[in-house]
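Listed below, chain by chain, are the residues.
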Amino acid sequence: MGRELENEQYTVEELVAVNPYNPDILADLENYVNQQVASQTYNLDANLCLLRLYQFLPEKTSTQIVARILIKALMAMPAPDFSLCLFLIPERVQMEDQFKTLIILSHYLETARFRQFWDEAAKSRHIVEAVPGFEQAIQAYAIHVLSLTYQKVPRSILAETINIEGVSLDKFIEHQVENSGWAVENNAEGQVIILPVNEFNHPELKKNAADSIPLEHITRIFPILS
Amino acid sequence: MDAATSELVPDSVKSFVVHMYRHIREKNVYEIHQMYESSFQTLSERLFKETAWPVVDAVAPYVDNDHVFRLLYKEMWYRHLYAKLAPTLKQRIDSFDNYCSLFQVVLHGVVNMQLPNQWLWDMVDEFVYQFQSFCQYRAKMKNKTEQEIGLLKQNDQAWNVFGVLNFLQALVEKSTIHEILQRDKEGLEQFTANDGYDYNGGSNVLKVLGYFSMIGLLRVHCLLGDYHTGLNCLLPIDISQQGVFTSVIGSHITTIYHYGFANLMLRRYVEGIREFNKILLYIYKTKQFHQKSPQYEQILKKNEQMYALLAICLSLCPQVKLVEEAVNAQLREKYGEKMSRMQRYDDEAFALYDELFSYACPKFITPSSPSFEEPLVNYNQDAYRLQLKLFLYEVKQQQLLSGVRTFLKVYSTISLAKLASYMEVDEPTLRTILMTYKHKTHSVAANGKIMSNADVDFYIDDDMIHVIDSKPSKRYGDYFLRQIAKFEGVITELDRVKLE
């Protein structure tokens with residue numbers, strides 16, 4: 001209210017923080033989505049703010065921008081951002097073909113059906129290739145799910161999950177061995193990749209963490225201890 | 001209004017407004033609270049069970065025609081009307097205008113009152129309720145008269161979603177409640193310890209309205225389906241501790257109900273279960289003290305709804321260990337049979353998820369103005385149907401997990417091939433089910449960290465599944481901390497005793 005004159009001096013993050021319920025920032029937020037696509041950055045709060053404005057002013061909805069927000073949200077997996085966005089998009093908008101495709105892609109990712117996902121994504125290149133970094137982001141999610149699940153994963157499963165094969169896969173694994181603590185083992189059936197240890201694929205590590213006490217709570221007994 | 005001004009004001013009402021006005025001017029919070037909670041209810045029951053209170057112009061002469069008192073009186077007047085009668089469109093619009101005037105007065109800092117937390121909470125609560133009610137009413141376009149449509153078009157600012165959100169936001173900002181809570185935490189200000197009241201001659205109204213507006217924003221965002229933003233609005237309040245929000249039962253319940261619901265929708269089931277468990281235990285223990293309260297019915301309704309939400313959370317994430325015995329017993333009695341059927345994930349189970357969700361969810365709204373083009377259609381169910389559909393979609397994605405959980409519980413190691421044959425799926429499918437299990441039981445917390453919600457956990461080593469049934473880790477640390485503090489108290493007590 002009355003702040004629109006000063007918009008120039010604010011970054012978009014500040015606009016969202018200071019005045020999130022202002023229809024005048026709609027165009028700024030739309031530009032910001034394109035900027036996130038171009039610069040491979042991401043800001044969920046700003047994007048939700050824009051979807052909310054579309055919800056309030058449906059006639060202003062740009063389906064192209066909505067599609068970009070949804071693709072960026074897919075790239076944020078395992079975070080539930082895609083659902084968070086869908087909750088705000090009216091059903092009649094979701095009926096459009098491009099959104100139906102994205103919803104199917106999300107469904108495959110949510111249910112870890114990576115082979116189907118990559119097949120479907122290949123059929124919809126025109127949608128997902130509009131956003132740089134898409135493939136890498138999904139691969140990062142795939143590796144996240146693999147590391148939650150496996151201590152050791154057969155090479156063929158890894159290949160299918162991240163959709164990389166042959167020499168490219170060799171290079172990929174080599175890179176991970178150097179940078180992310182992966183190791184490779186050979187057994188009778190072929191290569192097995194040993195994924196880095198974490199508390200989810202080595203659940204015995206979790207128990208110690210569960211009983212940790214935040215410093216804040218300890219400070220309560222400082223006066224007694226002194 | 002003219003005819004109304006001449007209406008007879010009963011003596012008891014005259015006395016009510018005169019005393020209320022005096023107590024407000026004298027900042028006698030205790031008496032204001034008594035009159036607000038008890039006298040107003042008694043008079044409403046006795047004299048205005050099926051009619052509205054006398055209009056403000058009729059009582060104004062007894063209170064110096066005081067501007068602020070008029071606004072406060074009208075606030076109660078409309079609230080009573082909404083509760084007992086069906087408001088007309090004109091009344092809905094007028095009530096909005098009254099809230100605008102009231103909040104403007106508060107925002108521009110010309111009030112110097114102390115009002116009971118209960119009343120300040122009710123203002124925010126009712127403001128959001130009337131907004132929700134208006135959206136529902138407006139969305140039923142089919143049976144609107146031409147006159148109503150004309151009035152709607154003319155008053156497109158009334159209960160406009162931007163206006164509503166901006167008022168709540170303005171109260172939060174102008175009150176500087178975020179900073180107050182920060183200083184409170186650092187021990188530089190006594191806000192929580194004083195329940196938000198000001199004992200230095202100042203006013204609590206803006207501060208506490210700002211505080212409750214954070215909860216109001218959480219609720220509005222949940223009504224809109226924006227759970228992430230809703231939870232963000234609540235961040236400055238530490239709900240794991242006592243606070244001003246627990247000083248009013250209605251605010252306590254509203255906060256936890258929406259907090260838990262938002263976490264359910266964000267798949268943070270453990271967080272939802274924890275908080276529902278705590279509040280349900282609290283209600284279980286304190287219910288009898290609220291029997292006389294005007295909020296009693298509302299308390300019971302929300303209590304039932306939260307049991308339904310807890311049943312949903314536990315069906316998707318069977319961490320019964322997190323639930324206290326008293327709450328669990330109630331839950332079994334109410335939903336035990338349904339919950340076991342929900343585990344089966346057949347059509348009947350989906351119907352039960354649908355039933356419980358529909359019964360317990362907030363009254364979702366479509367915030368945009370209707371299209372006034374013919375033919376007029378109802379769209380009041382649209383928002384609810386969308387949230388329900390997306391929720392059931394999530395349930396469907398998890399439908400195979402309950403089966404895998406059953407097997408994991410009885411094995412410590414099992415090969416993929418063997419489990420696949422037991423589950424009657426091929427091995428690649430089993431791998432996807434196991435990864436889905438991992439993904440769905442590991443949520444992303446507000447700080448971006450991965451949190452395990454799994455009751456049974458496992459890992460795969462090449463072709464072998466190793467199962468770890470996670471025992472509930474006892475919180476020894478917290479227990480010892482509490483005991484140390486308690487013993488220190490006892491020792492201090494003992495030190496004070498002088499032995500002769």
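See the structure shown above.
Structural notes, computed from the coordinates. The model shown is predicted, which means the values in this text are computed figures rather than measured ones. (Residues numbered from 1 in each chain as written. Chains lettered and ligands numbered in written order. Predicted model: local features only at pLDDT ≥ 70, side-chain atom pairs only at ≥ 80, totals over all residues. Heavy atoms only, no water.)

## A short note on the overall build of chain A
Within chain A, the secondary structure is distributed over 15 helices and three strands. Counting only contacts in chain A whose residues sit at least 6 apart along the sequence, the fraction spanning at least 24 positions is 52%. (Helix = DSSP H or I, 4+ residues; strand = E, 2+ residues; numbered from the N terminus. Contact = heavy atoms within 4.5 Å.)

## Things to note about the overall build of chain B
What chain B contains, in helices and strands, is 22 helices and five strands. Oriented by its inertia axes, the alpha-carbon framework of chain B measures out at about 90 × 85 × 40 Å. Here chain B holds 500 residues, and 56% of them are scored as buried. A fraction of 72% describes how many contacts in chain B between residues 6 or more apart in sequence connect residues 24 or more apart. Total accessible area on chain B stands at roughly 22800 Å², and carbon and sulfur atoms take up 52% of it. (Buried < 20%, exposed > 50% of the residue type's maximum accessible area, 1.4 Å probe, protein only. Areas by Shrake-Rupley, 256 points an atom, 1.4 Å probe, with all protein chains shown as cover.)

## Some points on the side chain of Thr-436 of chain B
Within the secondary structure layout, Thr-436 of chain B lies in helix H21 (residues 427–441). At 2.8 Å, the side chain of Thr-436 of chain B forms a polar contact with the backbone oxygen of Thr-111 of chain A. (Polar contact = N/O pair within 3.5 Å; in protein donor to acceptor, adjacent residues only side chain to side chain.)

## Brief notes about unusual backbone geometry
The step from Met-77 of chain A to Pro-78 of chain A runs through a cis peptide bond, and the omega angle for that step is 10°. For Pro-78 of chain A, the location among the structural elements is in the loop between helix H4 (63–75) and helix H5 (81–86). We note that Ala-112 of chain A has phi near 55°; this positive angle belongs to a residue other than glycine. Mapped onto the secondary structure, Ala-112 of chain A falls in the loop between helix H7 (97–110) and helix H8 (114–123). Of note, Thr-176 of chain B is a non-glycine position whose phi angle comes to about 50°, a positive value. Tracing the sequence through the fold places Thr-176 of chain B in the loop between helix H9 (161–174) and helix H10 (177–185).

## Thoughts on the pairing of strand E1 (residues 150–154) of chain A
For E1 of chain A, the buried fraction is high: four of the five residues fall into the buried class. In this structure, E1 of chain A lies alongside strand E4 (residues 456–461) of chain B, joined through two bridges in parallel fashion. Each bridged residue has a counterpart across the sheet, and for Tyr-150 of chain A the counterpart in E4 of chain B is Ile-460 of chain B. As paired elements, E1 of chain A and strand E3 (residues 190–194) of chain A share three bridges and run antiparallel to each other. (Pairing = 2+ DSSP bridges.)

## Some points on the packing of helix H6 (residues 89–107) of chain B against helix H11 (residues 205–224) of chain B
Residue and element names in this part refer to chain B. Put simply, H6 and H11 touch, their axes get as near as 9 Å, and they point 120° apart. Judged by the inter-axis angle, H6 sits oblique to H11. Crossing geometry of H6 relative to H11 is assigned as left-handed. Across from Phe-103, Val-106 and Leu-107 in H6, the residues of H11 making contact are Val-205, Leu-206 and Leu-209. (Axes fitted to C-alpha atoms, helices over the stretch in contact; angles between N-to-C directions. Parallel < 35°, antiparallel > 145°, perpendicular 65-115°, else oblique. Left-handed = near helix turned anticlockwise from the far one by under 90°.)

## Structural notes on the interface of chain A and chain B
Facing the 66 residues of chain A at the interface are 59 residues of chain B. Both sides of the chain A and chain B interface together cover about 5500 Å² of buried area, and 61% of this is carbon and sulfur. It is Tyr-21, Phe-56 and Phe-87 of chain A that lose the most area in chain A upon contact with chain B, and together they represent 15% of the buried surface on that side. Across the pair Glu-91 of chain A and Lys-389 of chain B runs a salt bridge whose closest N-O atoms are separated by 3.0 Å. Applying the counting rule to chain A against chain B returns 21 residue pairs in polar contact (both at pLDDT 80 or more). Its residues assigned to classes, the side of chain A that touches chain B comprises 40 nonpolar, 13 polar and 13 charged. (Buried area = accessible area lost by both parts, 1.4 Å probe. Salt bridge = Lys/Arg side-chain N within 4 Å of Asp/Glu carboxyl O. Nonpolar A, V, L, I, M, F, W, Y, C, P; charged D, E, K, R; others polar.)

## Thoughts on the pattern of salt bridges
Residue and element names in this part refer to chain B. Under the criterion given, the structure shown has 36 salt bridges over all chains. With a shortest N-O distance of 2.9 Å, Asp-94 and Lys-90 are connected by a salt bridge. Taken as a pair, Asp-94 and Lys-90 lie in helix H6 at a separation of four residues, close to a single helical turn. For Asp-94, a relative accessible area of 24% puts it in the partly exposed group.

## Topic: the packing of aromatic side chains
Aromatic ring pairs are described here by two measures, namely the spacing of the ring centres and the angle between the planes. Scanning all chains against the criterion turns up 36 aromatic pairs over all chains. A centroid spacing of 6.3 Å and a plane angle of 40° characterise the contact between Phe-134 of chain B and Tyr-137 of chain B, whose relative ring orientation is tilted. Of this pair, Phe-134 of chain B and Tyr-137 of chain B are both found in helix H7 (residues 117–139), three residues apart, which corresponds to roughly one turn of the helix. With respect to class, Phe-134 of chain B is no different from Tyr-137 of chain B; both count as buried. With a centroid separation of 6.5 Å and an interplanar angle of 50°, the aromatic rings of Tyr-197 of chain B and Tyr-199 of chain B are classed as tilted. Owing to a relative accessible area of 16%, Tyr-197 of chain B belongs among the buried residues under this scheme. Look at Tyr-199 of chain B and you get exposed, because its relative accessible area is 59%. What links up through ring pairs into an aromatic cluster is the set Phe-87 of chain A together with Tyr-227, Phe-261, Tyr-353, Phe-357, Phe-364 and Phe-391 of chain B. Residue placement shows Lys-144 of chain B over the ring face of Tyr-137 of chain B; its charged tip is 3.9 Å from the ring centre. For the cation-ring pair, Lys-396 of chain B lies above Phe-350 of chain B, with the distance from its terminal atom to the ring centre recorded as 4.6 Å. (Phe/Tyr/Trp six-rings, centres within 6.5 Å; stacked < 30°, edge-to-face > 60°. Lys NZ or Arg CZ within 6 Å of the ring centre and 35° of its normal.)

## Thoughts on helix H14 (residues 269–286) of chain B
All names here are of chain B. Compared with an ideal rise of 1.5 Å per residue, which puts 18 residues at 26 Å, H14 spans 26 Å between its outermost C-alpha atoms and is within 8% of the ideal. Residues of H14 that are buried: Tyr-269, Val-270, Gly-272, Ile-273, Glu-275, Phe-276, Asn-277, Ile-279, Leu-280, Leu-281, Ile-283 and Thr-286. Looking at the buried residues of H14, the elements they touch are helix H13 (249–265), helix H15 (296–316), helix H16 (325–342) and helix H18 (382–397). (Expected span 1.5 Å × (residues − 1).)

## Quick look at the environment of Ile-164 of chain A
Residue and element names in this part refer to chain A. Mapped onto the secondary structure, Ile-164 falls in the loop between helix H11 (155–162) and helix H12 (166–179). Placed 100 residues apart in sequence, Ile-164 and Gln-64 show a C-alpha to C-alpha distance of 30 Å. When near neighbours in sequence (up to four residues on either side) are disregarded, Ile-164 contacts Gln-139, Ala-159, Leu-169 and Phe-172.

## Considering the side chain of Asp-184 of chain B
Residues and elements named next belong to chain B. Structurally, Asp-184 can be placed in helix H10. For the buried Asp-184, no salt bridge exists, and the shortest N-O distance to an oppositely charged side chain is 8.8 Å, to Arg-183. At 2.8 Å, the side chain of Asp-184 and the backbone nitrogen of Phe-191 are in polar contact. Sequence-distant contacts of Asp-184, defined by excluding residues within four places in its chain, comprise Glu-189, Gln-190, Phe-191 and Thr-192. (Lys, Arg positive; Asp, Glu negative; His and termini not counted.)

## Observations concerning the environment of Ile-365 of chain B
Residues and elements named next belong to chain B. By the secondary structure assignment, Ile-365 is in the loop between helix H17 (347–360) and H18. On the accessibility criterion, Ile-365 (3% relative accessible area) is buried. Apart from the residues within four sequence positions on either side, Ile-365 is in contact with Phe-131, Gln-132, Cys-135, Gln-136, Leu-223, Leu-224 and Ala-383.

## With respect to the packing of H13 of chain B against H14 of chain B
Residue and element names in this part refer to chain B. Here H13 crosses H14 at 155°, and the two axes come no closer than 8 Å. In terms of their interaxial angle, H13 and H14 are classed as roughly antiparallel. In this structure, H13 crosses over H14, and the sense of that crossing is left-handed. Within the contact between the two elements, H13 uses Ile-249, His-252, Ile-253, Ile-256, Tyr-257, Tyr-259, Gly-260, Phe-261, Asn-263 and Leu-264 and H14 uses Tyr-269, Glu-271, Gly-272, Glu-275, Phe-276, Ile-279, Tyr-282 and Ile-283. For the contact of H13 with H14, the class distribution of residues is twelve nonpolar, four polar and two charged.

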